Amino acid sequence: MVSEDDILDARILIVDDQQANVQLLEQLLQEVGYRQVSSTLDPQAVCPLHRANRYDLILLDLQMPGMDGFEVMAGLKEIESDGYAPILAITAQPDHKLRALASGARDFVAKPFDLLEVKTRIHNLLQVRLLYRQLEHSNRALASLALHDPLTCLPNRRLLMDRLKQAMLTSARTGEHGALIFLDLDNFKQLNDTLGHDMGDLLLQQAAARLQACLREGDSVARLGGDEFVILLEALSAHDAEAATQAESIANKILQSFAAGFQLRGQACDSTASVGIVVFLGAHEDQNDLINKADLAMYQAKSAGRNTARFFAPAAQAREALVKDMRRGLAMQEFVLYYQVQVNRQGVPTGAEALVRWKHPQSGLLAPAHFIPLAEESGMILALGQWVLLSACAQLTHWAQRSETAHWTVAVNLSAVQFAQPNFVALVVGALQQTAANPRLLRFEMSAGMLAQDTENAIAKMNAVKAHGVGFSLGDAGIGYASLSYLRRLPLDQLKIDRSFVRDIVTNPSDSVVARTILERRSSLRLKVIAEGVETPRQRDFLARMGCDAFQGYLFGRPVPACALVEHLLH
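How each quantity is defined
- Residues numbered from 1 in each chain as written.
- Predicted model: local features only at pLDDT ≥ 70, side-chain atom pairs only at ≥ 80, totals over all residues.
- Heavy atoms only, no water.
- Helix = DSSP H or I, 4+ residues; strand = E, 2+ residues; numbered from the N terminus.
- Rg over C-alpha atoms; globule rule 2.2 N^0.38 Å.
- Buried < 20%, exposed > 50% of the residue type's maximum accessible area, 1.4 Å probe, protein only.
- Contact = heavy atoms within 4.5 Å.
- Areas by Shrake-Rupley, 256 points an atom, 1.4 Å probe, with all protein chains shown as cover.
- Lys, Arg positive; Asp, Glu negative; His and termini not counted.
- Charge placed at Lys NZ, Arg CZ, Asp CG, Glu CD.
- Polar contact = N/O pair within 3.5 Å; in protein donor to acceptor, adjacent residues only side chain to side chain.
- Arc of directions from axis to C-beta.
- Pairing = 2+ DSSP bridges.
- Axes fitted to C-alpha atoms, helices over the stretch in contact; angles between N-to-C directions.

J.: If you had to explain the overall build of the protein chain to someone new, which residues and values would you point to?
T.: Tallying secondary structure elements over the protein chain gives 22 helices and 22 strands in all. In terms of C-alpha radius of gyration, the protein chain reaches 40 Å, well past the compact-globule figure of 25 Å for 571 residues. Expressed along its principal axes, the backbone C-alpha trace of the protein chain runs to roughly 130 × 50 × 50 Å. Residues counted as buried form 48% of the 571 residues belonging to the protein chain. In the protein chain, of all internal contacts separated by at least 6 residues, the share reaching a separation of at least 24 is 67%. Carbon and sulfur atoms make up 51% of the accessible area of the protein chain, which totals about 27600 Å². Distance between charge centres in the protein chain, computed from 55 positive and 63 negative side chains, equals 12 Å.

Shown next, in the form of structure tokens:
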């Protein structure tokens, strides 16, 4: 609300070519208590005075020589962007009233003055004017709030997108490059969790100030949310290489400024940043695509060890597209399990290894090498691996309904990321319960390397799973860590001779020594041994003579869908 003191402090201008009228009005206003009253006898001085002082009310005589009040009002309306000219029109001509109001006057007073009427009209007009200004201020504050981050006072995503659009249009017109720098604070969540959100907010505010200090005139920085900031650089060189160098220089300046550390309420705090850069020219790209590219480049910087900057590379975009495609494919049930038969020494099928394939709608049937490495790197392996486990358990339940296949086992490859999950045991038990599969027919195939990081925890987790009847096979016996003392500690059921040793086992003495060593260990370890990658009768016979228990490979069958496997083997 407008206070009486606000009204008395309003800026008022008296405009009249008669000195006596000016003095009368000045005296009246001073007696009331108005503190900022000015006057002029020159109508041509009104607009320049108002432009400089922005009066809250102008008492304007309409009949003046040289330039009448109507001409003055026309000039005042041009000054006010919203067309609101704070004018109280004064004239001795009653017929001027309607014309004055139509020309922009807010009210009208006739000469000779009724002093009480003049005082009342001035007070009412000032009250409305000041309320209008308060409303304008509130609207500007709301508009600013809608476009700025309340914590750091930086532009938010909405304002950034508007500025980026303008920068791209400017780039198209001038031929100069622009750039986006996407910055994410390293280990910010850890700081938030250990020191509290208040300290995290303080770090964000200080980081925002550091970023602003690193920018050139005309550049801008926005906070997208959380600990993510985006810097928009404009007017870089017209030459690609030079523009990239300029953007990289600013990114390095930012990294150096963060290297000094931060003081959070007297407590020293080290906080580095990972930075992604994308350079653009013109307005042909989508704004969201540019931000996503800078975001991808930032994640490349994190993968490179953090506290560094990386430029966007198309390979990163292709990687992100494949991750999204995998997520879509999993939702659309495009992944399928193929099974490769495993046989005993007599050639009788004893089970199969489950191998995932992707029936891609455009690329056809994709082998694991096309997507498993990225699935592990991106974390998609968790969802995909759980789907494989559930599907394999469901297949066991289906095979259990036929006497010819009821005894078959299924081997499921287990990734290090899956095994590292704290709830891994619960996920396995849940899959078995959901499908009613026989746990004694399920076997996880693991690599020795994934057990070496935290052996004691790995052994405890394996024992917890084995307590439910599930078995384990070491899938790369002969490689890396598989010493006899190491193997003796692991709760294993089977060793698998890797295909790399089977391929040349007949002709390469070194490979045959490895295979023989593995087979000799099985007696002391009381483990079964299976060889994978068996493609010829000579390989099978060679391994059989050394005592190998089971075989898997193209000699016995290629990976096929479950229905095709059963049809081929039993009919």
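J.: Account for the side chain of D549, naming residues and giving values.
T.: Examined against the element boundaries, D549 turns out to sit in the loop between α21 (537-545) and β21 (550-552). A distance of 2.8 Å separates the side chain of D549 from the backbone nitrogen of V529, its partner in a polar contact. Aside from chain neighbours lying at most four places away, what touches D549 is V343, N344, R345, R522, L527, K528 and V529.

J.: So what about helix α3 (residues 46-53)? Which residues, and what values?
T.: It helps to recall that an α-helix has 3.6 residues per turn; residues three or four apart then point in one direction. Buried residues of α3: V46, C47 and H50, and no others. Projected down its long axis, α3 shows its buried positions confined to an angular sector of 95°, all on one face. Exposed side chains of α3 directed beyond 90 degrees from the buried face belong to R51 and A52. Lining the buried residues of α3 we find β1 (11-15), β2 (36-40), β3 (57-61) and α4 (69-79). Looking one or two residues past α3, R54 carries a phi angle of roughly 50°, positive in sign.

J.: Which residues make up the environment of Q340, and what values do they have?
T.: One can find Q340 in strand β13 (residues 335-344). Along the primary structure Q340 and R306 are separated by 34 residues, whereas in three dimensions their C-alpha atoms are 42 Å apart. Setting aside residues no more than four positions away along its own chain, Q340 makes contact with G351, A352, E353, L355, Q552, G553, Y554, G557, R558 and P559. At 3.1 Å, the side chain of Q340 and the backbone oxygen of G557 are in polar contact.

J.: Which residues make up the pairing of strand β14 (residues 349-360), and what values go with them?
T.: Of all twelve residues making up β14, ten are buried, and the element is well covered by its neighbours. With nine bridges joining them, β13 and β14 adopt antiparallel strand pairing. Looking at β14, one finds that Y339 is bridged to A354. Between the end of β13 and the start of β14, which pair antiparallel, lie four residues, with G347 showing a positive phi angle near 85°. Taken together, the four bridges between β14 and strand β16 (residues 409-413) define a ladder with parallel strand orientation.

J.: Go over the sheet that holds β2 with me, naming the residues and quoting the values.
T.: In spatial order, the strands read β2-β1-β3-β4-β5; together these five strands make up an open sheet with parallel pairing. Edge positions in the sheet fall to β2 and β5 (107-110), since each of these pairs with one other strand and no more. Within this sheet the neighbouring strands show an average axis-to-axis angle of 20°, counted without direction. Pairing of β1 with β2, which is carried by five bridges, proceeds in the parallel orientation. Each bridged residue has a counterpart across the sheet, and for I14 the counterpart in β2 is S39. Taken strand by strand, α3 contacts β1, β2 and β3, and its axis lies near 175° from that of β1. Where α4 meets the sheet, it contacts β3 and β4 (87-91), and its direction lies at approximately 150° from that of β3.

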